[in-house]
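What the coordinates show
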Amino acid sequence: MTTQTISSPEVYQGQFGEFTITQSDRQSVIIYRAGLMIAALCFAIGSGLVLFYPQPAAIAALTPLYTCFSIALGVSLLTIHIYMAFLHRILQVFWIIGSICAFIFGHSDSQAFAITIYNQPLTILGIGFTFAALTGIFFKEGFCFHRLETKILTPLVPLLLLGHLTGILSTQAEPILLATWAILFLIFAVRKIIQPIPPDIGDKSVFDYLKNQHLAKV
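Position numbers for residues start from 1 in each chain and track the written sequence from start to end. Reporting in this predicted model follows two pLDDT cut-offs: at least 70 for local features of residues, and 80 or more for side-chain atom pairs to be given and counted; totals over whole chains, interfaces and linings ignore these cut-offs and use all residues. Each side-chain value is derived from all of the structure's non-hydrogen atoms; neither hydrogens nor water enter the calculation.

For the rest of this paragraph, the subject is unusual backbone geometry. One non-glycine residue with positive phi stands out, namely His-146, at about 55°. Its location among the elements puts His-146 in the loop between α5 (124–145) and α6 (148–166). Think of it this way: any DSSP run of H or I at least four residues long counts as a helix, any run of E at least two long counts as a strand, and we number them from the N terminus.

Structure (C-alpha cells):
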C-alpha cells in the first residue's frame, strides 16, 4: 500500500501575522492577468487598425474590439487585489459609468462608435471614466512593482484623452501617443503573465487587519 503525501500550503509572514495563499487566490490572479492581456490585445489591434488601416470596415471593427476590451478590463477590476477597499470600489464605479456612457454613445448615433468619439471630444467626459479605471490599475502596478511602463502610462493616458478633448494636441502627436500607449500596455500585460503569482496577491494579513478594523467601527 502506498501512502500519498499531501503538501501543506506555504505559510507567509505578513505585517499583521501569518497567512497562506489558497488556490482561489491564485485563480483570481490568473483571471486578473488574463483580463489585462485580452484588454491589451484588443487595444493594440484597435490602435493598429486606426493607425495603419483607417478604412470603413476597420473602423466598424473597433466597436466589438472596444466592447471586448471593456469587458476584459471589468473582469480585471473585479479580481484585482487592492488593500484599500474604497479605492477598489471607486475604480469599479468608474468602469461602470464609462461602460454605460459607451453604450449610450454607441446607440445614439448612426455613425460608427469610434467616429462618434473622435468627432465629438466631449464624449470623452463619459467614456473617460473607463480609462480612468485603467489608469488606476497602471498607478497601482507602478506604485507596487515600480514598473517603468506603468509609470509612463499613468500620465500618458490622461494626457492623450484630455489633449484630444481640449484640442491642445497636434494631429501629429496623437498617433505617436496612441502607438506608445498600445505598445507599453502590451509590454505591461506580457510582464504580468510571467510575474510570480504571490506578489499580486499581496500581504493577506493587511486585508484581514483592514477588514477587522472596519467591523470594529461598525
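Let's shift gears to the environment of Leu-134. Position of Leu-134 relative to the elements: it lies in helix α5. C-alpha of Leu-134 to C-alpha of Leu-153: the two residues are 19 residues apart in sequence and 9.7 Å apart in space. Here, residues are in contact when the closest pair of their heavy atoms is within 4.5 Å. In this structure, Leu-134 is in contact with Phe-69, Leu-73, Trp-181 and Phe-185, ignoring residues within four places of it in sequence.

This paragraph deals with helix α3 (residues 85–107). Helix span is expected to be 1.5 Å times the residue number reduced by one. For α3, built from 23 residues, the straight-helix expectation of 33 Å at 1.5 Å per residue is met to within 8% by its first-to-last C-alpha distance of 33 Å. Inspection of α3 places His-88, Leu-91, Gln-92, Gly-98, Ser-99, Cys-101, Ala-102 and Phe-105 among the buried residues, and these make up the whole buried set. Those residues of α3 that are buried lie in contact with α2 (56–79), α4 (113–119) and α5. The rule is simple: take the accessible area with a 1.4 Å probe, protein chains only, and divide by the maximum for that residue type; under 20% is buried, over 50% is exposed, in between is partly exposed.

The subject of this paragraph is a nonpolar patch on the surface. A cluster of nonpolar side chains, namely Ile-96, Ile-100, Phe-103 and Ile-104, defines an oily patch on the protein surface of about 400 Å² accessible area. On the accessibility criterion, Ile-100 (48% relative accessible area) is partly exposed. Put simply, a patch holds well-exposed residues, over 30% relative accessible area, that have no salt bridge, with like charges counted together within 9 Å and Val, Leu, Ile, Met, Phe, Trp or Tyr side chains within 5 Å. Computed by Shrake-Rupley with a 1.4 Å probe, the accessible areas treat only the displayed protein chains as cover when residues are assessed. Salt bridge criterion: a side-chain nitrogen from Lys or Arg within 4 Å of a carboxyl oxygen from Asp or Glu.

What follows covers the environment of Tyr-118. As for its position among the elements, Tyr-118 is in helix α4. Taking the C-alpha atoms as reference points, Tyr-118 and Leu-165, separated by 47 residues in sequence, lie 9.2 Å from one another. Residue contacts for Tyr-118: discarding those within four places in its chain leaves His-164 and Glu-174.

Angular values range over 0 to 180 degrees, each being the angle between N-to-C directions of two axes fitted as lines to C-alpha atoms, with helices fitted over their stretch in contact. As a packed pair, helix α1 (residues 23–52) and helix α7 (residues 173–194) sit with axes 9 Å apart at the nearest point and diverge in direction by 155°. One way to sum up the angle between α1 and α7 is to call them roughly antiparallel. Considering how the two elements wind past one another, α1 and α7 form a crossing that is left-handed. For the pair α1 and α7, the contacting residues are Tyr-32, Arg-33, Leu-36, Met-37, Ala-39, Ala-40, Leu-41, Phe-43, Ala-44, Ser-47, Val-50 and Leu-51 in the first and Pro-175, Leu-178, Ala-179, Trp-181, Ala-182, Phe-185, Leu-186, Phe-188, Ala-189, Val-190, Lys-192 and Ile-193 in the second. When residue character is reported, Ala, Val, Leu, Ile, Met, Phe, Trp, Tyr, Cys and Pro are called nonpolar, Asp, Glu, Lys and Arg charged, and the others, Gly included, polar. Its residues assigned to classes, the contact of α1 with α7 shows 21 nonpolar, one polar and two charged. An angle below 35 degrees is read as roughly parallel, one above 145 as roughly antiparallel, one from 65 to 115 as roughly perpendicular, and any other as oblique. Left-handed describes a crossing whose near helix is turned anticlockwise from the far helix by less than a right angle; the clockwise case is right-handed.

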